[in-house]
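Chains, contacts and geometry: an overview
What follows is the residue order along each chain.
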Amino acid sequence: MLIAGPCVIESEEMAHQTARDLKEITDRMGVPFIYKSSYDKANRTSIHSPRGPGLEEGLKILERVKLAVGVPIISDVHTPQEVSAAAQVLDVLQVPAFLCRQTDLLIACGKTGKPVNVKKGQFLSPKDVKSIVKKVESTGNTDVMVTERGTTFGYQNLVVDFRAFPIMRKSLPGDDNKTPLPQEDHPAVIFDATHSVQLPGAGDGITGGERQFIPYLARGAVSVGIDGLFMEVHPDPPAALCDATNQWRQSDLESILGELIDLDALAKEWERKE
């Protein structure tokens with residue numbers, strides 16, 4: 001599964017075009033696809049950074065994209081108060097990493113009955129994720145995804161601990177954290193290959209990034225074993241309104257997906273032999 005799209009809604013025309021282009025690529029390659037773009041980026045580094053069109057107008061744009069292109073939609077929700085409106089349009093609700101422990105937000109998302117993708121905070125160990133999952137599942141909603149997006153390593157740097165993927169995929173919902181569950185019983189584990197190369201706050205008032213390392217981290221995660229990939233993709237990343245240094249160029253998507261599909265097949269074969 002691929003979750004992909006520009007970081008933020010920059011215009012309705014661009015949203016439609018990128019969704020169509022990404023759907024065409026993923027259809028051709030046989031990869032299930034969810035379109036991602038944020039209607040509001042509430043955690044920008046600077047007060048002057050563009051945030052997007054906002055809740056009301058942003059949801060209208062995403063709804064029109066969904067109907068016109070025929071793709072499921074995911075976007076960030078930041079407060080319990082906006083969840084109800086967002087759930088009327090979004091197919092998957094996404095909780096940003098900085099908010100991953102906010103109980104009221106997680107419960108509000110769970111109560112919608114929609115799938116919930118929680119970004120693992122840069123400050124959390126993979127074993128702590130089970131508490132997040134329990135909060136969502138306390139509503140009776142067991143359709144939970146957890147996304148790894150790097151761990152804080154000193155100031156202005158992130159690293160990816162590849163041990164996190166088997167820990168999150170095989171941990172019991174209880175407290176022993178030892179016995180692997182059957183594959184179908186674990187929360188889906190996603191790897192965010194683009195935010196994991198961020199250099200937070202390292203761009204003189206904006207977040208920096210090292211886009212050149214995206215393929216290496218993506219290959220590593222797929223080889224270890226994941227259920228899906230998250231990538232912010234833009235037609236012209238240096239011109240993007242946010243995350244210009246770590247979004248992946250749309251024209252380069254097909255080649256990297258081809259590599260990852262081959263690796264995924266090998267990883268699943270290795271899992272069957274374990």
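Refer to the preceding data block for the structure.
The model shown is predicted, which means the values in this text are computed figures rather than measured ones.

One pass over the structure, following the stated rule, counts four aromatic pairs. An angle of 40° between the planes, with centres 6.0 Å apart, marks the rings of Phe-162 and Phe-165 as tilted. Take Phe-162: its relative accessible area is 27%, and that puts it in the partly exposed class. For Phe-165, a relative accessible area of 0% puts it in the buried group. A connected cluster of aromatic rings, assembled from ring pairs, spans Phe-162, Phe-165 and Phe-191.

Buried within helix α4 (residues 103-111) we find Leu-105, Leu-106, Ala-108, Cys-109 and Gly-110. Each element contacted by the buried residues of α4 is listed here: α3 (80-87), β4 (92-95), β5 (116-119) and α5 (129-137). Phi turns positive, to about 80°, at Gly-113, one or two residues after α4.

Another point: the nonpolar core. Core analysis: the biggest nonpolar cluster contains 62 residues, and Tyr-35, Val-77, Phe-191, Leu-229 and Leu-253 have the highest contact counts within it. Core analysis: the second largest hydrophobic core is formed by seven residues, Ile-3, Val-92, Ile-190 and Phe-230 among them.

Of the two faces of β5, the one holding Val-116 and Val-118 and the one holding Asn-117 and Lys-119 are both buried throughout. The pairing of β4 with β5 spans three bridges and is classified as parallel. Of the residues in β5, the one forming a bridge with Gln-94 is Asn-117. Viewed along the sheet, the connection from β4 through α4 into β5 turns out right-handed. Sheet topology places β5 next to strand β6 (residues 144-148); four bridges connect them, and they run parallel. In the sheet register, Asn-117 faces β6, and the bridge partner there is Met-145.

So, how was this worked out
- Residues numbered from 1 in each chain as written.
- Predicted model: local features only at pLDDT ≥ 70, side-chain atom pairs only at ≥ 80, totals over all residues.
- Heavy atoms only, no water.
- Phe/Tyr/Trp six-rings, centres within 6.5 Å; stacked < 30°, edge-to-face > 60°.
- Buried < 20%, exposed > 50% of the residue type's maximum accessible area, 1.4 Å probe, protein only.
- Helix = DSSP H or I, 4+ residues; strand = E, 2+ residues; numbered from the N terminus.
- Contact = heavy atoms within 4.5 Å.
- Core = buried A, V, L, I, M, F, W, Y, C linked by side-chain atoms within 4.5 Å.
- Pairing = 2+ DSSP bridges.
- Right-handed = clockwise from strand over helix to strand, strands pointing away.

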